[in-house]
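# Examining the three-dimensional arrangement
Residues per chain are reported as follows:
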Amino acid sequence: QVQLVESGGGLVQAGGSLRLSCAASGRAFSNYNMGWFRQAPGKEREFVAAVTKSGGSVYYADFVKGRFTISRDNAKNTVYLQMNSLKPEDTAVYYCAADRALALPLGVDSFATWGQGTQVTVSS
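The paragraphs below set out a description of the structure included in this document.

Calculation notes
- Residues numbered from 1 in each chain as written.
- Predicted model: local features only at pLDDT ≥ 70, side-chain atom pairs only at ≥ 80, totals over all residues.
- Heavy atoms only, no water.
- Helix = DSSP H or I, 4+ residues; strand = E, 2+ residues; numbered from the N terminus.
- Buried < 20%, exposed > 50% of the residue type's maximum accessible area, 1.4 Å probe, protein only.
- Salt bridge = Lys/Arg side-chain N within 4 Å of Asp/Glu carboxyl O.
- Pairing = 2+ DSSP bridges.
- Axes fitted to C-alpha atoms, helices over the stretch in contact; angles between N-to-C directions.

### Overview of unusual backbone geometry
Leu 104 connects to Pro 105 through a cis peptide bond whose omega is -5°. For Asn 77, which is not glycine, the phi dihedral falls at a positive 55°. Looking at the element boundaries, Asn 77 is found in the loop between β7 (68-73) and β8 (78-83). On the basis of relative accessibility, which here comes to 28%, the residue Asn 77 falls in the partly exposed class. Within the chain, Ser 85 stands out as a residue other than glycine whose phi angle is a positive 50°. You can see Ser 85 is positioned in the loop between β8 and β9 (92-99).

Dropping the structure here:
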């Protein structure tokens, strides 16, 4: 099983950008599909983006299409989330997740392993 550690969160003004990273340790990173989720205060955790083991396929929630990009570097055991044109409603704790299987539709139950999260705050 992999262990996941997110980084790169912070405070940014609306319209700005951030790049989140998720470093994985443990078993072979390339055996895992990777996802990003977020959870705002008082709301349920929601799917943001996912990438398959080889990076060949990516999936996005409708509300981030055209603004966020997920990518992975299997040589560095890292998955990234590039977030552009950030909005105040993007404010949340962002979580990295991993799973060997890819259970569609993608949701919280699709991933078994989770990181601790990184806070992203977008000011207006």
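Alright, that's what it looks like, and here's the rest.
### A short note on the pattern of salt bridges
In this structure the tally under the stated criterion is four salt bridges. For the salt bridge of Lys 65 with Asp 62, the shortest nitrogen-to-oxygen distance reads 3.2 Å. The pair Lys 65 / Asp 62 is uniform in exposure class, with both members exposed. One salt-bridge network, in which partners are shared between bridges, spans Arg 38, Glu 46, Arg 67 and Asp 90.

### Observations concerning the sheet that holds strand β3 (residues 18-26)
A sheet is described by the order of its strands in space; here four strands give the open sequence β1-β3-β8-β7, paired in antiparallel fashion. Edge positions in the sheet fall to β1 (2-7) and β7, since each has one partner strand and no second. Within the sheet, the average angular offset between the axes of one strand and its neighbour, ignoring direction, is 15°. Where β3 lies against β8, six bridges are found, and the strand directions are antiparallel.

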